[in-house]
Number of protein chains: 2
Amino acid sequence: MRVLIIGAAGMVGRKLVERLARERTALGDDIDRLTLVDVIAAPVPVPLGDTTEAVALDLSQAGAAERLIASRPDIIIHLAAVVSGEAENDFEKGYRVNLDATRALFEAIRREGRTEPYRPRVLFASSIAVFGAPFPDKIGDEFFSTPLTSYGTQKAITELLLSDYTRRGFFDGLGIRLPTICIRPGKPNKAASGFFSNILREPLAGEEAVLPVGEDVRHWFASPRSAVGFFVHAAKLDLEKVGPRRNLTMPGLSATVGEEIAALGRIAGEKAIRLIRREPDAAIARIVAGWATDFDAARATTLGFSAETSFDQIIRAHVEDELGGRLPV
Amino acid sequence: MRVLIIGAAGMVGRKLVERLARERTALGDDIDRLTLVDVIAAPVPVPLGDTTEAVALDLSQAGAAERLIASRPDIIIHLAAVVSGEAENDFEKGYRVNLDATRALFEAIRREGRTEPYRPRVLFASSIAVFGAPFPDKIGDEFFSTPLTSYGTQKAITELLLSDYTRRGFFDGLGIRLPTICIRPGKPNKAASGFFSNILREPLAGEEAVLPVGEDVRHWFASPRSAVGFFVHAAKLDLEKVGPRRNLTMPGLSATVGEEIAALGRIAGEKAIRLIRREPDAAIARIVAGWATDFDAARATTLGFSAETSFDQIIRAHVEDELGGRLPV
């Protein structure tokens, strides 16, 4: 089986590749050829060295999509995107990368199939940013997409293209709407959503973290491990069961900042909680107030997708996967 | 005020131009300059002759959009599209005309505004084809768009672009989701939906018509007069009131074929009904079974849009507008 991962150097991409390094058949059959694509060459774990090539390529460049599709991969996992803030600040770049490059990929697949039948599985990383406030208390599977960012618009448009290309038989697609990933590994960044991870990751490493909003702020989460699990499950799922509506809100955990902190206390003690410094930031509070807080991901759950059901589980996944099971003393 | 109508030679376009010929201020202020664009030159009614130019232009050609926007129209009404059947049969043409040409128009407006502030009103003819079965009994304003045709996909994508360009301040847009227009003037055509009009229009002219489905088939209708009225109302509406969700399902009439026929009998007598020949067609019945039957167009209604509430009204509008008020003897 040939697998193409676009956006392989990103956070979810790297974790998916690490999973494949541990379990070569995680996506179904054994992998004969794995192509990792990103604007910088993605790291190749040693166990995958014999079958893997890392290609530094910008999918938005002319001819890039055709070059990747010429080898006719069986599974294409498309994770690459300009993030929300950048797509908002640079309108043209956001549309070029998040919409035009993805459409070029879809078109390359369609055209490849004109010479000889070709119908790969395409798994696309979408986002709950396809939804825009005001929301119902729980967003159901039939709630409409009225994004309030250019990033969300680009994701929603790609979802529509993915469904149409699937319906026409050009490929077999699934759009996977990721929750906010928590705990994000790495250093604190400037994303407005960063604090959801910072207030757990930093204290777990014995460092201070800043909390800019109140404890009653509620949001929708899944761990990096669950995010990888969604793609692993989707790679093997019988997509006939999904029907023509090919974009699924993934399961997640609806929780408040207060619930995050309580779980931190249970796992790492009061000492960890004392490392959270409260610095209210009205600008961040305003942005976050427009985000969805809860979903009923009934379709995805019925199809066998699963995520954490408590913040204790999310924290434990981080301690196991990032800290070698160790807590700070 | 400068007005640009794209798709001006189509059915709704021609009727809108006729309305402007009768009422030069129908869209608000008096029109100083009216540009009618279509792939063939649109007819220019005599009363509009002094201010109107008809341009034969294919918006999907390079540079066409820039050429139209250079004169900085205040109101742009975009009605042009490849119809559903053609967009399904010719995948590339459908995307080129219905998506790429419309996006080129939006982009031309955005770029025009970079030199000197420019923020026209853009009214876009969308369609209930953005919805795909299965449906609730009544489709509400928050039901999701999962089109089952490439045409519906292209309309849904344009709706998303229209909202984002509006949110970013590039123009002030409104997407107008038209019901099935009935009674369509002209001759019977091969559109699967043609019979809804044929079974009224032909008997009203003393001609035979074929009914390929059962009398219990229900669908969603408005007259050509109402369709024009939607754009006239939208041209003057305070769009601030609409908020960021800029695509509206227009009001219409949910009615069955049997109700159409009963109204025909009330207005034109049993003789007219006898001109309807029943020729069941399983293929057409199957297509029509996937179409929406009823909507709750609450938002548009609250914003002052209105349509017929009975088929008697729809038939009378046709008799007045197309038959000079005369019924066949």
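Residues numbered from 1 in each chain as written. Chains lettered and ligands numbered in written order. Predicted model: local features only at pLDDT ≥ 70, side-chain atom pairs only at ≥ 80, totals over all residues.

Colleague: Just checking my understanding: could you explain the overall build of chain A for this structure?
Modeller: Assigned secondary structure in chain A consists of 12 helices and 12 strands. Whereas a compact globule of 329 residues would reach a radius of gyration of roughly 20 Å, chain A reaches 20 Å, a difference of no more than 12%. On the principal axes, the C-alpha backbone points of chain A span a range of 65 × 45 × 40 Å. Looking at the 329 residues of chain A, the share that counts as buried comes to 47%. Here the analysis covers contacts within chain A between residues at least 6 apart in sequence; of these, 77% occur between residues at least 24 apart. (Helix = DSSP H or I, 4+ residues; strand = E, 2+ residues; numbered from the N terminus. Rg over C-alpha atoms; globule rule 2.2 N^0.38 Å. Buried ≥ 20, exposed ≤ 12 C-beta atoms within 10 Å, placed from the backbone. Contact = placed C-beta atoms within 7 Å.)

Colleague: Before we go on, may I ask you to explain the nonpolar core in this structure?
Modeller: In a soluble, globular protein the nonpolar side chains are often hidden away together inside. Counting residues in hydrophobic clusters, the biggest one holds 194 residues, and the most contacted among them are Ile5(A), Ile176(A), Met250(A), Ile5(B), Ile176(B) and Met250(B). The contacts of Ile176(B), once residues within four sequence positions are left out, are Leu123(B), Phe124(B), Ala125(B), Ser126(B), Phe230(B), Phe231(B), Ala234(B), Leu248(B) and Met250(B). (Core = buried A, V, L, I, M, F, W, Y, C linked by C-beta atoms within 7 Å.)

Colleague: Explain the relation of the copies chain B and chain A here, please?
Modeller: Both copies of the chain are related by a screw-like operation: a rotation about an axis and a shift along it. Once chain B has been moved 0.0 Å along the axis and rotated by 180°, it coincides with chain A to within an RMSD of 0.0 Å. Taken together, these values place the two copies in the relation of a two-fold axis. Across chain B, the rotation axis passes nearest the C-alpha of Phe144(B), at a separation of 1.9 Å. A share of 100% of the interface residues of chain B reappears at the interface of chain A, consistent with the copies meeting face to face through the same patch. (Least-squares fit on C-alpha atoms with pLDDT ≥ 70 in both.)

Colleague: Would you take a moment to explain the environment of Gly325(A) for this structure?
Modeller: Considering the arrangement of structural elements, one finds Gly325(A) in the segment after α12 (311-322). When neighbours within four sequence positions are excluded, Gly325(A) is seen to be in contact with Val319(A) and Glu320(A).

Colleague: Please clarify how the domain arrangement of chain A should be interpreted in this entry.
Modeller: When the parts of a complex come together, some accessible area is lost, and that lost area is often used as the size of the interface. All names here are of chain A. Assigned domains of chain A: these are domain 1 (2-179 + 224-249) and domain 2 (180-223 + 252-294 + 308-329). Contacts between the two partners involve 16 residues from domain 1 and, on the opposite side, 16 residues from domain 2. At 4 residues, helix α7 (residues 224-236) tops the list of elements feeding residues into the side of domain 1 that touches domain 2. Taken together, the residues that form the side of domain 1 that touches domain 2 break down as 11 nonpolar, 2 polar and 3 charged. (Domains from an automatic or database assignment. Nonpolar A, V, L, I, M, F, W, Y, C, P; charged D, E, K, R; others polar.)

Colleague: In this structure, what is going on with the sheet that holds strand β9 (residues 218-222) of chain B? I would like to understand it.
Modeller: What holds strands together in a sheet is hydrogen bonding between their backbones, with the strands either parallel or antiparallel. Residues and elements named next belong to chain B. If you trace the 3 strands from one edge of the open sheet to the other, you get β7-β9-β11, paired in mixed fashion. Two strands in the sheet have a free side with no partner beyond their single neighbour: β7 (180-181) and β11 (253-256). By the bridge criterion, 2 bridges tie β7 to β9 in an arrangement that is parallel. Of the residues in β9, the one forming a bridge with Ile181 is Ala222. (Pairing = 2+ DSSP bridges.)

Colleague: It is not clear to me how the sheet that holds strand β9 (residues 218-222) of chain A should be interpreted in this structure. Could you clarify?
Modeller: Residue and element names in this part refer to chain A. In spatial order, the strands read β7-β9-β11; together these 3 strands make up an open sheet with mixed pairing. Of all the strands in the sheet, the pair left with one neighbour each is β7 (180-181) and β11 (253-256). Note that β9 and β11 share 4 bridges and pair antiparallel. Looking across to β11, one finds that Trp220 is bridged to Ser254.

Colleague: When you look at the pairing of strand β2 (residues 33-38) of chain A in this model, what are you seeing that I'm missing?
Modeller: In regular strands, side chains alternate between the two faces of the sheet. All names here are of chain A. With 5 of 6 residues buried, β2 lies mostly within the body of the structure. Here strand β1 (residues 2-6) runs beside β2; their pairing, made up of 5 bridges, is parallel. The partner of Leu4 across the bridge, within β2, is Thr35. The pairing of β2 with strand β3 (residues 52-56) spans 5 bridges and is classified as parallel. Counted as the bridge partner of Val37 is Val55 from β3.

Colleague: Even after reading the chapter, I still don't get the packing of helix α8 (residues 257-273) of chain B against helix α11 (residues 311-322) of chain B, so can you show me in this structure?
Modeller: Two quantities define a packed helix pair, namely the angle between the axes and the distance from one axis to the other. Residues and elements named next belong to chain B. α11 packs onto α8 with a crossing angle of 55° between their chain directions and a minimal axis gap of 9 Å. Between α8 and α11, the crossing angle belongs to the class labelled oblique. Handedness of the α8/α11 crossing: right-handed. Counting all contacts with α8, which are made through Glu259, Glu260, Ala263, Leu264, Arg266 and Ile267, the residues of α11 involved are Phe311, Asp312, Ile315 and Arg316. (Axes fitted to C-alpha atoms, helices over the stretch in contact; angles between N-to-C directions. Parallel < 35°, antiparallel > 145°, perpendicular 65-115°, else oblique. Left-handed = near helix turned anticlockwise from the far one by under 90°.)

Colleague: I keep staring at unusual backbone geometry and nothing clicks. Help me out?
Modeller: Leaving glycine aside, a negative phi is the common case for residues, and trans is the common case for peptide bonds. Look at the link from Cys182(A) to Ile183(A): it is a cis peptide, with omega at 10°. Residue placement: Ile183(A) occurs in the loop between β7 and α6 (194-204). Omega for the peptide link from Ala133(B) to Pro134(B) comes to 0°, which places this bond in the cis form. Checked against the element boundaries, Pro134(B) lands in the loop between β5 (121-127) and α5 (150-167).

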